[in-house]
Amino acid sequence: MTDRLDAMRAAVGPEDYGAAAAAAETQALFARLWHFVGFDDELTAPDGYLVRTIAGVPVVVQRFDDDIRAFRDVCSHRHARLHTAERGHGPLRCPYHGWTYSREGVPVGIPGNDPCFQLDKADKAALALTGYEVARRGRFIFVRLIPGGPDLDIWLGPLGAWLDAVSDGFAAPFDQAPLDWRADWKVGMENVLEVYHVDSVHPETFRTVTEGVWKCAEHGAHSTGTIGLTAETRRWWEGVAKRLKLTPLTAFTDYDHAIIFPNLAIGLTAGLMASVQTYEPVYAPDGTVRPGRCHLRYRLSLARQQPGASAAARQGVEGHLADFNRRLLAEDQSVAEAAWAGSQQADRPALLGHNEGRIRAFHAAWLKEMGR
Ligand code: FES
Ligand SMILES: [Fe+2]
């Protein structure tokens, strides 16, 4: 191997996409780092909730009026999961025997406590659910299982401003879903960190939207990339903004992309549409990671709307964008799955060109956070 090729080799090797690395990531990355779980307006007052699996642990993120709290989603009585849906609203009450938990995670309502348990205040406090740290930046809610790392704002650095802008500028998602990919989550992230694949993978979708040079910047573990929009795309979005009375984000006029390490990716188109994605490992019920699987959870939003636009016109545009996005993601899924399958049989590290610098930065962050 020449020195020149050596310099282009990825620092992360094929073995880092396999079962042992996936198991090591559970504690080293996913339990230890801030994990984006959803938007605060998904947790509608007074008692909206989301359930997510973070580092193999089922976590309920629950609103209590103005407070948002996170707990291990396991009842202190006989271990039933407290919420059976991924999202909804209702008190933190176990469906099995009806124990109800306070915002401190303490079982304050225990049916038949006097005849059956005689639990006093101290007993109940000792039976509190395991709680986790919650932090917000704008409408973005993050949870961290292991305390002790940097505060969220410190961790986000200059990317915090991105989350503020998206929070202020965009409405609630009009389309969202988790998709099941047969690929390691890192392969999904690597795929959004370059536009090199666009000509080959998205000739009729993304290729028609963007043009020019992919300009990238690194911000600690995070990074950004920007590429221009074609004149036709710009015109289309200008028409949409006018028809739907959307207010674009003036700071973002191209296709602007950011990742927050480890697994949050945000793509903005013309400052008018936001695609917020997470690539999450998949776990068995006992918390063991399932290698080579990830859930891509995407959320599509349009910029905020002034009053007076037609709801039917908006629905038409949203339907078109949702279809376009699904086509795009199906194209990405196919190559991400091919890349992961190949990584399991690779006998040397991947090669990264000058146009894949964000992947190099992502790998450097991964190695650092993994303690290697
Ligand atoms: S298992 Fe939850 S109340 Fe019994
Ligand atoms: Fe793609």
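Residues numbered from 1 in each chain as written. Chains lettered and ligands numbered in written order. Predicted model: local features only at pLDDT ≥ 70, side-chain atom pairs only at ≥ 80, totals over all residues. Heavy atoms only, no water.

Reading the Cofactor (unreviewed entry) entry of the UniProt record for the protein chain gives the comment "Fe cation". (UniProt positions renumbered as here; feature names shortened; annotations may be inferred.)

Around the iron ion (ligand 2), the protein supplies His197 (NE2), His202 (NE2), Asp332 (OD) and Asp332 (OD) as donor atoms, at distances of 2.0 to 2.7 Å. The site at the iron ion (ligand 2) holds four donor atoms, and with the angles between them running 53 to 150°, its shape is irregular. Sequence positions of the donors to the iron ion (ligand 2) reduce to the motif H-x4-H-x129-D. Placement of the pair is His197 in the loop between helix H7 (185–192) and helix H8 (198–201) and Asp332 in helix H10 (residues 311–343), with a sequence separation of 135 residues. Using a relative accessible area of 7% as the deciding quantity, one classes Asp332 as buried. (Donors = N, O, S within 2.8 Å, 3.2 Å for Na, K, Ca; no water. Tetrahedral: all angles 85-135°; square planar, octahedral: opposite > 155°, others 65-115°. Helix = DSSP H or I, 4+ residues; strand = E, 2+ residues; numbered from the N terminus. Buried < 20%, exposed > 50% of the residue type's maximum accessible area, 1.4 Å probe, protein only.)

For the coordinates displayed, the defined rule picks out 23 salt bridges. The partner of Glu42 in a salt bridge is Arg87, with the nearest N and O atoms 3.7 Å apart. One end of the pair, Glu42, is in the loop between strand E1 (35–39) and strand E2 (48–54); the other, Arg87, is in strand E5 (residues 87–89), and 45 residues separate them in sequence. The residue Arg69 makes a salt bridge to Asp67 at a minimum N-O spacing of 2.9 Å. Assessed through its relative accessible area of 25%, Asp67 is described here as partly exposed. Through salt bridges with shared partners, a single network forms among Asp65, Asp67, Arg69 and Arg103. (Salt bridge = Lys/Arg side-chain N within 4 Å of Asp/Glu carboxyl O.)

The feature "domain: Rieske" (unreviewed entry), as given by UniProt, occupies residues 34–143 in the numbering adopted here. With 10% helix and 41% strand, residues 34–143 has its two end C-alpha atoms placed 6 Å apart.

A complete count under the given rule lists 12 aromatic pairs for this structure. The interplanar angle of 45° and the centroid separation of 5.2 Å between the aromatic rings of Phe36 and Phe140 together place this pair among those described as tilted. Placement of Phe36 in strand E1 and of Phe140 in strand E9 (residues 140–144) is noted, with a sequence separation of 104 residues between them. With a relative accessible area of 0%, Phe140 lands in the buried category. A ring pair is formed by Phe206 and Tyr255, whose centres lie 4.9 Å apart and whose planes are at 80°; its orientation type is edge-to-face. Residue Phe206 is located in the loop between H8 and strand E11 (210–219), and its partner Tyr255 is located in strand E13 (residues 255–260); the two are separated by 49 residues in the primary sequence. (Phe/Tyr/Trp six-rings, centres within 6.5 Å; stacked < 30°, edge-to-face > 60°.)

The next thing to look at is the sheet that holds strand E14 (residues 264–269). Within the open sheet, the seven strands sit side by side as E10-E16-E15-E14-E13-E12-E11. Their pairing is antiparallel. The sheet terminates laterally at strand E10 (175–181) and E11, the two strands that pair on one side only. Along the sheet, successive strands turn relative to each other by an average axial angle of 15°, direction set aside. As paired elements, strand E15 (residues 273–283) and strand E16 (residues 289–302) share 10 bridges and run antiparallel to each other. (Pairing = 2+ DSSP bridges. Axes fitted to C-alpha atoms, helices over the stretch in contact; angles between N-to-C directions.)

What the largest pocket holds in volume is close to 660 Å³. Looking at the largest pocket, it is lined by 33 residues, and the ones nearest its centre are Phe206, Val209, Thr269, Phe324 and Leu328. Of all the secondary-structure elements, those providing two or more residues to the lining of the largest pocket are H7, helix H9 (231–244), E13, E14, E15 and H10. The dominant element in the lining of the largest pocket, judged by the number of residues it contributes, is H10, at seven residues. For the lining of the largest pocket, a count of residues per class yields 18 nonpolar, 12 polar and three charged. Around the second largest pocket, the lining comprises 24 residues; the ones closest to its centre are Val187, Glu190, Ala339, Ala350 and Ile359. Looking at which element gives the most residues to the lining of the second largest pocket, the answer is H10, with four residues. Here the residues of the lining of the second largest pocket are counted per class, giving 15 nonpolar, five polar and four charged. (1 Å grid on protein atoms, 1.4 Å probe; cavity = no way out; pocket = protein on both sides within 12 Å on 5 of 7 lines; lining within 4 Å. Points joined across faces, edges and corners; volume = space filled by probe spheres on them. Nonpolar A, V, L, I, M, F, W, Y, C, P; charged D, E, K, R; others polar.)

What follows is about the pairing of strand E3 (residues 57–64). Regular strands show a simple pattern: their side chains alternate between the two faces of the sheet. Of all eight residues making up E3, eight are buried, and the element is well covered by its neighbours. Residues Val57, Val59, Val61 and Arg63 point to one face of E3 and Pro58, Val60, Gln62 and Phe64 to the other, with burial holding for every one of them. Strand direction decides the pairing type here: E2 and E3, joined by six bridges, are antiparallel. By the bridge assignment, Tyr49 is partnered in E3 with Gln62.

Moving on: the sheet that holds E1. With antiparallel pairing, the seven strands of this open sheet are ordered in space as E1-E9-E8-E4-E3-E2-E5. Two strands bound the open sheet, and with one partner strand each, they are E1 and E5. When the angles between neighbouring strand axes are averaged without regard to direction, this sheet yields 30°.

In this section: the packing of H9 against H10. In contact at an axis separation of 10 Å, H9 and H10 are set at 145° when each is read in the N-to-C sense. Relative to H10, the crossing made by H9 is left-handed. Touching Trp236, Trp237, Val240, Arg243 and Leu244 of H9 are Ala313, Arg314, Val317, His320 and Leu321, all from H10. In terms of residue class, the contact of H9 with H10 is made up of seven nonpolar, one polar and two charged. (Left-handed = near helix turned anticlockwise from the far one by under 90°. Contact = heavy atoms within 4.5 Å.)

Across the eight residues that make up H7, a large majority, eight, are buried. Along H7, the positions that sit buried rather than exposed are Trp185, Lys186, Val187, Gly188, Met189, Glu190, Asn191 and Val192. Where H7 begins, the capping side chain belongs to Asp184, and its oxygen is found 2.9 Å from the backbone nitrogen of Lys186. (Polar contact = N/O pair within 3.5 Å; in protein donor to acceptor, adjacent residues only side chain to side chain.)

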